[in-house]
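# Commentary on secondary and tertiary structure
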2 protein chains.
Amino acid sequence: VSSARPRGRRPGASDTRERILAAARERFAGVGYDRTRVRDVASDAGVDSALVHYFFGTKDGLFVAAMELPFRPADVIAPLVAQGMEGLGERLVAGLLGVWDEPANRTKLLAILFAQPGGSDALREFVTREIVGRVAGAVGDLRANLVASQLMGLIAARYIVRLEPLANLPADEVVPLVAPTLQRYLDGAL
Amino acid sequence: VSSARPRGRRPGASDTRERILAAARERFAGVGYDRTRVRDVASDAGVDSALVHYFFGTKDGLFVAAMELPFRPADVIAPLVAQGMEGLGERLVAGLLGVWDEPANRTKLLAILFAQPGGSDALREFVTREIVGRVAGAVGDLRANLVASQLMGLIAARYIVRLEPLANLPADEVVPLVAPTLQRYLDGAL
């Protein structure tokens, strides 16, 4: 039997992992984040859904791996929200700066943001569901939208447009400037 | 004499205008906004600087025409700032929503934002100097940076990521949500 795959060698975990990631990238780019189902990715890759879950956890973990995000947003945001409403504005901005001030993270995140437009519907849906959605679970959609607006704007001003002096201000000086905005959006009078 | 240009016809104003715009686009893409000089664009286009000023006013007008921005930011921002600090937060967010809620403007602005990366250094410098700079003239750089962060974030959340319900809230309901943030950044306790 003629085959491209060397005989006598069984596909290893890393082949399978890569095949799942390739299938996931295609699904996410094609139908977005929300409409991609883990079982469809598994089927495209010719594996059982259980194996996808074994490697990547839930759908957000699969997306994080497929897009090579430097971390799983849920891992950062969920613990901050779990500590309660008091001081959450401060924790959110400090958490965001902690991630983005790290040069390796920033390089990866900017590359993803400015990647081919095909990826952006999926990214937008992922951000909406897995980042904004986690704050919305605690304070409702509109307040979470407003929080997201200030945090995305901080990313734009500090890391993309690189406005001076904001771009070079130490994180611990940025936190008290922005935290009151977030706290009002979270639980203040609107 | 053989020539591609039809004999007996002299180049009109619109040929000259287009030649200046082509030269401007090349300069802006090559060296950015700050380092582009009107006289260099004129020289590239083979015309006198006075003619560039006659057609486009100052450098920001040339950039607006070259990028086909739907309006000149200075024309929107300067009058708002000139009315003084009181209520400026409200006027700025209402002004921004007035521009971006207009579908024709939004389509053009999004196309420019997502255009080829070559244009983005120039756009970043233009935003820094002609938009943020005009607010900075009134309140200083850091406060203007913070104002810009919330306004850019509002653009991202409402028009790019299109978070619900913020994306479909009437402008007059968005204004009171965001104006207090801007007013604190402008003249509040930081």
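Residues numbered from 1 in each chain as written. Chains lettered and ligands numbered in written order. Predicted model: local features only at pLDDT ≥ 70, side-chain atom pairs only at ≥ 80, totals over all residues. Heavy atoms only, no water.

### Let's talk about the overall build of chain A
If you tally the helices and strands in chain A, you get 10 helices and 0 strands. In chain A, the succession of helices and strands from N to C terminus is α-α-α-α-α-α-α-α-α-α. Each principal axis of the C-alpha atoms in chain A carries an extent, and together these give about 70 × 35 × 25 Å. In chain A, once contacts between residues fewer than 6 apart in sequence are set aside, the share between residues at least 24 apart is 67%. Summing over all exposed atoms, chain A offers an accessible surface of approximately 9,500 Å²; the carbon and sulfur share of this is 53%. Here chain A contributes 23 positive and 22 negative side-chain charges, whose respective centroids are spaced 8 Å apart. (Helix = DSSP H or I, 4+ residues; strand = E, 2+ residues; numbered from the N terminus. Contact = heavy atoms within 4.5 Å. Areas by Shrake-Rupley, 256 points an atom, 1.4 Å probe, with all protein chains shown as cover. Lys, Arg positive; Asp, Glu negative; His and termini not counted. Charge placed at Lys NZ, Arg CZ, Asp CG, Glu CD.)

### Thoughts on the interface of chain A and chain B
In this assembly, 31 residues from chain A lie in contact with 31 residues from chain B. Contact between chain A and chain B buries roughly 2,500 Å² in total, counting both sides, with carbon and sulfur atoms accounting for 65%. Interface area lost by chain A to chain B is led by Arg-124, Leu-163 and Leu-177 of chain A, which between them contribute 21%. Applying the counting rule to chain A against chain B returns 0 salt bridges. The tally of links from chain A across to chain B stands at 14 residue pairs in polar contact (both at pLDDT 80 or more). Secondary-structure elements contributing two or more residues to the side of chain A that touches chain B are α8 (120–139), α9 (141–160) and α10 (171–187) of chain A. Broken down by element, the side of chain A that touches chain B gets its largest block of residues, 13 residues, from α9 of chain A. Taken together, the residues that form the side of chain A that touches chain B break down as 20 nonpolar, 6 polar and 5 charged. (Buried area = accessible area lost by both parts, 1.4 Å probe. Salt bridge = Lys/Arg side-chain N within 4 Å of Asp/Glu carboxyl O. Polar contact = N/O pair within 3.5 Å; in protein donor to acceptor, adjacent residues only side chain to side chain. Nonpolar A, V, L, I, M, F, W, Y, C, P; charged D, E, K, R; others polar.)

### Here's the deal with the packing of helix α8 (residues 120–139) of chain B against helix α9 (residues 141–160) of chain B
Residues and elements named next belong to chain B. Between α8 and α9, the least distance of the axes is 7 Å, while the angle of their chain directions is 135 degrees. Between α8 and α9, the crossing angle belongs to the class labelled oblique. Where α8 crosses over α9, the two elements pack in a sense that is right-handed. Of α9, the residues touching α8 (which contributes Val-132, Val-135, Ala-136 and Val-139) are Asp-141, Arg-143, Ala-144, Asn-145 and Ala-148. Residue composition of the contact of α8 with α9, by class: 6 nonpolar, 1 polar and 2 charged. (Axes fitted to C-alpha atoms, helices over the stretch in contact; angles between N-to-C directions. Parallel < 35°, antiparallel > 145°, perpendicular 65-115°, else oblique. Left-handed = near helix turned anticlockwise from the far one by under 90°.)

### Some details on the relation of the copies chain A and chain B
With an RMSD of 0.0 Å, the operation that places chain A on chain B is a rotation of 180 degrees combined with a shift of 0.0 Å along the axis. Both copies are brought into coincidence by an operation consistent with a two-fold rotation axis. Among all residues of chain A, the one whose C-alpha sits closest to the rotation axis is Gly-153 of chain A, at a distance of 1.7 Å. Taken together, the interface assignments show that 100% of the residues at the interface of chain A recur at the interface of chain B, consistent with an identical surface on both copies. (Least-squares fit on C-alpha atoms with pLDDT ≥ 70 in both.)

### Some points on the packing of aromatic side chains
Residues and elements named next belong to chain A. This structure, assessed with the given rule, holds 16 aromatic pairs over all chains. Ring centres 5.2 Å apart and planes at 80 degrees place the aromatic pair Tyr-33 and Phe-63 in the edge-to-face group. Here Phe-63 lies in helix α4 (residues 59–66) and Tyr-33 lies in the loop between α1 (13–31) and α2 (38–45), a separation of 30 residues in the sequence. Relative accessible area serves as the criterion here: at 0%, Tyr-33 is assigned to the buried category. Judged by relative accessible area, which is 0%, Phe-63 ranks as buried. Ring centres of Tyr-54 and Phe-55 lie 5.6 Å apart, and the angle between their planes is 55 degrees; this geometry places the pair in the tilted category. In this structure an aromatic cluster arises from ring pairing among Phe-28, Tyr-33, Phe-63 and Phe-126. Over the face of the ring belonging to Tyr-33 we find Lys-59, whose NZ or CZ atom lies 4.6 Å from the ring centre. (Phe/Tyr/Trp six-rings, centres within 6.5 Å; stacked < 30°, edge-to-face > 60°. Buried < 20%, exposed > 50% of the residue type's maximum accessible area, 1.4 Å probe, protein only. Lys NZ or Arg CZ within 6 Å of the ring centre and 35° of its normal.)

### Looking at the environment of Val-175 of chain A
Residue and element names in this part refer to chain A. Structurally, Val-175 can be placed in helix α10. A residue is classified by how much of its surface remains accessible, and Val-175, at 12% relative accessible area, is buried. For the pair Val-175 and Glu-90, spaced 85 residues apart in sequence, the C-alpha to C-alpha distance is 6.3 Å. Ignoring sequence-local partners within four residues, the contact set of Val-175 consists of Glu-90, Val-93, Ala-94, Leu-97 and Pro-180.

### Notes on the side chain of Asn-145 of chain A
Examined against the element boundaries, Asn-145 of chain A turns out to sit in helix α9. Taking relative accessible area as the criterion, Asn-145 of chain A reaches 1% and is therefore assigned buried. With near-sequence residues (within four places) excluded, Asn-145 of chain A lies in contact with Val-132 of chain A together with Ala-157, Leu-163, Glu-164, Pro-165 and Leu-166 of chain B.

### With respect to the pattern of salt bridges
All names here are of chain A. Under the definition given, this model contains 18 salt bridges over all chains. Taking the shortest distance from any N to any O, the salt bridge between Asp-34 and Arg-129 comes out at 2.7 Å. In this pair, Asp-34 is assigned in the loop between α1 and α2 and Arg-129 in helix α8, connecting sequence segments 95 residues apart. Judged by relative accessible area, which is 33%, Asp-34 ranks as partly exposed. Owing to a relative accessible area of 48%, Arg-129 belongs among the partly exposed residues under this scheme. When the shortest N-O distance is used, the salt bridge between Glu-130 and Arg-134 registers 3.0 Å. With a gap of 4 residues between them, Glu-130 and Arg-134 both fall in helix α8, about one helical turn apart.

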